[in-house]
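This is what each chain is made of:
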Amino acid sequence: MLEPLRQGLPPIDPSAVAGSASCMLPACYEAVSGARKFTRTTLGQWELTDRFDDVALVVSELVTNALRHALPADAPRDPQEPPVRLHLMRWTSRLVCAVRDPSQASPVAGEAADSAESGRGLFLVESFSDSWGWHPAPAPIGETPSGAMYGKVVWALFRLSDNELADNAKPQEPAVSYAE
């Protein structure tokens, strides 16, 4: 899932992975608030609370886009399998937030009219993160890839400053997965 994140960036040393966390999000707009709370808790555990405002704004936009554009209104949904998942991953020098959804359609940054109340989400993602992108989602864990598409992952990368690196030099907890 992370291979596209490596394009144009220094190599990621696997030993530099400091933590990861993920949560499933229901197909309702209240999920955006839950995603922000999950982000606040996770960044607090990683001692990156000073990055919360920018990361939370980007998470909010990515989750909102997934809910608004990636979930057809008339599609039946299995309540046991929430359709959107938020992943937060931290390395020593970068933080990535990624949202997985079932749509195969690529995200498109649009031009919003000055009076429009929406349509600027990906512009905000681009403005507040160091880079962003998307790629087709890999097969879920435990499933054999069949060539079928499994949706997409839209991600945003934040570089961590030297001050954040010094402040967070102590070891972090291992990967955690939360379900809401």
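Residues numbered from 1 in each chain as written. Predicted model: local features only at pLDDT ≥ 70, side-chain atom pairs only at ≥ 80, totals over all residues. Heavy atoms only, no water.

## Describing the overall build of the chain
We apply this condition: Elements are defined by DSSP. Helices are runs of H or I of four residues or more, strands are runs of E of two residues or more, and each kind is numbered from the N terminus. Working rule for contacts: check all heavy atoms of both residues, and any pair within 4.5 Å makes them a contact.
Helix and strand counts for the chain stand at four helices and six strands. For the chain, contacts bridging at least 24 residues in sequence account for 72% of all contacts bridging at least 6.

## What about the packing of helix α1 (residues 30-45) against helix α2 (residues 52-69)?
To keep it simple, the criterion reads: With axes taken as lines fitted to C-alpha atoms, and helix axes fitted only over the stretch in contact, angles between N-to-C directions fall between 0 and 180 degrees. A clockwise turn of the near helix away from the far one marks a right-handed crossing, whereas an anticlockwise turn of less than a right angle marks a left-handed crossing. Amino acid classes used here: Ala, Val, Leu, Ile, Met, Phe, Trp, Tyr, Cys and Pro are nonpolar; Asp, Glu, Lys and Arg are charged; the rest, including Gly, are polar.
Where α1 contacts α2, the axes come no closer than 9 Å and their chain directions differ by 145°. Both α1 and α2 take part in a crossing whose hand is right-handed. Every residue of α2 that contacts α1 at A31, V32, A35, R36, T39, R40 and L43 is listed here: F52, V55, A56, V59, S60, V63, T64 and L67. Here the residues of the contact of α1 with α2 are counted per class, giving 10 nonpolar, three polar and two charged.

## So, the confidence of the model for the chain
Predicted coordinates in regions of low pLDDT should not be interpreted in detail. In plain terms, the rule: What pLDDT expresses is the predictor's confidence in each residue, scored from 0 to 100.
Of all residues in the chain, 61% attain a pLDDT of 70 or more, and the chain-wide mean is 76. Within the chain, strand β6 (residues 176-179) has the poorest average pLDDT of any element, 48, and α1 the best, 96. The model gives residues 4-10 a pLDDT under 50, and that stretch makes 10 contacts with residues more than four places away or in other chains. With pLDDT under 50 throughout, residues 169-180 is counted as low confidence; its partners more than four residues away or in other chains account for 24 contacts.

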